[in-house]
Amino acid sequence: QTVVTQEPSFSVSPGGTVTLTCGLSSGSVSTSYYPSWYQQTPGQAPRTLIYSTNTRSSGVPDRFSGSILGNKAALTITGAQADDESDYYCVLYMGSGIWVFGGGSKLTVL
Amino acid sequence: QVQLQESGPGLVKPSGTLSLTCAVSGGSIRSSNWWSWVRQPPGKGLEWIGEIYNSGSTNYNPSLKSRVTISVDKSKNQFSLKLSSVTAADTAVYYCARVVQDYAFDIWGQGTMVTVSS
């Protein structure tokens, strides 16, 4: 079964820039996988950040951006803030009605 | 503003069936969206369980397919999840979510914790 890969953890300094990635255990991620990104803080439901590769969800600051970098989907946070410290999940559409979430990346802002 | 609310027993016995309902308010389940279930075991990541369209068409996670049934009740504007033969590994927070045509899980319920234990 296809595994969606994410870096388990990342750290960034306040005001800095960080790029989280979302890959496949076999193959390359393209826009055809419609990658989307979700932010989750402890005890809360996920919040939609980015969908269809690079479309920001309503109300999401423009310092969050999505793209394809090489063979992976990417979420870039520019000008990181303390409240960006969260878990970030990507999900890929595998076709035939099947979705697969990545394992999540824990972002620390310090 | 569409909102989703999960409900159901918080404790299920091993080998039993987990049953949850997601009530849709502020909008119609007949809209052109898929309605999905996602779960999260304690301290772990998100796992997609499956989804349903208002026509009754379903898609399931292959790893859970033999145990999962998702159904829709248009008269009550809600959809439901049944997971059979549960074990402790099915202990998780269960979320319902709307999946829009732009391929986004755009609205999420608050989640409900289900523990499998005797």
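Look up a bit, the structure's there.
In this report, we go over the structure that sits alongside the text. From a predicted model like this one, the values you see are computed outputs, not experimental measurements. (Residues numbered from 1 in each chain as written. Chains lettered and ligands numbered in written order. Predicted model: local features only at pLDDT ≥ 70, side-chain atom pairs only at ≥ 80, totals over all residues. Heavy atoms only, no water.)

### Examining the overall build of chain A
What chain A contains, in helices and strands, is zero helices and eleven strands. Seen in sequence order, chain A has helices and strands lined up from the N terminus as β-β-β-β-β-β-β-β-β-β-β. For 110 residues, the compact-globule estimate of 2.2 N^0.38 gives 13 Å, and chain A sits close to it at 13 Å. In terms of overall dimensions, chain A has a C-alpha envelope of 40 × 30 × 25 Å along the principal axes. Going through the 110 residues of chain A one by one, you find that 47% of them count as buried. Put simply, 51% of the contacts in chain A that link residues at least 6 apart link residues at least 24 apart. Charged side chains of chain A number 5 positive and 6 negative; the gap between the two group centres comes to 4 Å. (Helix = DSSP H or I, 4+ residues; strand = E, 2+ residues; numbered from the N terminus. Rg over C-alpha atoms; globule rule 2.2 N^0.38 Å. Buried < 20%, exposed > 50% of the residue type's maximum accessible area, 1.4 Å probe, protein only. Contact = heavy atoms within 4.5 Å. Lys, Arg positive; Asp, Glu negative; His and termini not counted. Charge placed at Lys NZ, Arg CZ, Asp CG, Glu CD.)

### A short note on the environment of Arg56(A)
Residues and elements named next belong to chain A. Within the fold, arginine 56 resides in strand S6 (residues 55-56). The sequence separation of arginine 56 and tryptophan 37 amounts to 19 residues, and the corresponding C-alpha distance is 9.5 Å. Those residues within four positions of arginine 56 in sequence are excluded, and the remaining contacts are Leu49, Ile50, Tyr51, Pro61, Asp62, Phe64 and Ser65. In this structure the side chain of arginine 56 is engaged in a polar contact, spanning 2.9 Å, whose partner is the backbone oxygen of phenylalanine 64. (Polar contact = N/O pair within 3.5 Å; in protein donor to acceptor, adjacent residues only side chain to side chain.)

### Digging into the nonpolar core
Counting 40 residues, the largest nonpolar core has Trp37(A), Leu49(A), Leu75(A), Tyr88(A), Phe101(A), Phe105(B) and Trp108(B) as its most contacted members. The element that contributes the greatest number of residues to this core is strand S9 (residues 87-95) of chain A, accounting for six residues. Sequence-distant contacts of Leu75(A), that is, excluding residues within four places in its chain, are made with Val18(A), Thr19(A), Leu20(A), Trp37(A), Leu49(A), Ile50(A), Phe64(A), Ser65(A) and Tyr88(A). Of all hydrophobic cores here, the second largest spans 26 residues; its members include Ile29(B), Ile49(B), Ala92(B) and Tyr94(B). (Core = buried A, V, L, I, M, F, W, Y, C linked by side-chain atoms within 4.5 Å.)

### Notes on the state of the cysteines
Residue and element names in this part refer to chain A. A complete count under the given rule lists two disulfides over all chains for this structure. In this model cysteine 22 forms its disulfide with cysteine 90; the gap between the sulfur atoms is 2.1 Å. Taking the torsion about the sulfur-sulfur bond, which here is approximately 75°, the covalent link between cysteine 22 and cysteine 90 counts as right-handed. With a gap of 68 residues between them, cysteine 22 in strand S3 (residues 17-24) and cysteine 90 in strand S9 connect regions that are remote in the sequence. (Disulfide = S-S within 2.5 Å.)

### Remarks on the sheet that holds strand S1 (residues 4-6) of chain A
Residues and elements named next belong to chain A. Strand order in the open sheet formed by four strands is S1-S3-S8-S7, with antiparallel pairing between adjacent strands. Each having just a single partner strand, S1 and strand S7 (64-69) make up the two edges of the open sheet. For this sheet, the mean inter-axis angle between neighbouring strands, taken without regard to orientation, is 25°. With six bridges joining them, S7 and strand S8 (residues 72-78) adopt antiparallel strand pairing. Across the sheet, the residue bridging to isoleucine 68 is alanine 73, located in S8. (Pairing = 2+ DSSP bridges. Axes fitted to C-alpha atoms, helices over the stretch in contact; angles between N-to-C directions.)

### Examining the sheet that holds strand S1 (residues 3-7) of chain B
Residue and element names in this part refer to chain B. If you walk across this open sheet you meet the four strands as S1-S3-S8-S7, and the pairing is antiparallel. Both edges of this open sheet fall to S1 and strand S7 (68-73), since each of them pairs with a single strand only. When strand polarity is set aside, the average angle formed by the axes of neighbouring strands in this sheet is 20°. Summarising the sheet, S1 and strand S3 (residues 18-25) pair through five bridges and their orientation is antiparallel. Within S3, the position partnered with serine 7 by the bridge is threonine 21.

### Things to note about the pattern of salt bridges
Residues and elements named next belong to chain B. Per the stated rule, a full pass over the model turns up five salt bridges over all chains. Across the salt bridge formed by glutamate 47 and arginine 39, the nearest N and O atoms sit 2.7 Å from each other. Across the pair aspartate 106 and arginine 98 runs a salt bridge whose closest N-O atoms are separated by 2.6 Å. On the basis of relative accessibility, which here comes to 26%, the residue aspartate 106 falls in the partly exposed class. Through salt bridges with shared partners, a single ionic network connects Arg39, Glu47, Arg67 and Asp90. (Salt bridge = Lys/Arg side-chain N within 4 Å of Asp/Glu carboxyl O.)

### Thoughts on the interface of chain A and chain B
Interface extent is often summarised as the accessible area lost during association of the parts. Residue-level contacts link 21 residues of chain A with 23 residues of chain B. When the buried surface of chain A facing chain B is broken down by residue, Pro46(A), Trp99(A) and Phe101(A) rank first, second and third, together holding 35% of it. One can count zero salt bridges joining chain A with chain B. The interface formed by chain A and chain B contains eight residue pairs in polar contact (both at pLDDT 80 or more). Only strand S4 (36-40), strand S5 (47-51), S9 and strand S10 (98-101) of chain A provide two or more residues apiece to the side of chain A that touches chain B. Partitioning the side of chain A that touches chain B into residue classes produces eleven nonpolar, ten polar and no charged. (Buried area = accessible area lost by both parts, 1.4 Å probe. Nonpolar A, V, L, I, M, F, W, Y, C, P; charged D, E, K, R; others polar.)

The analysis is restricted to geometry; functional conclusions fall outside its scope.
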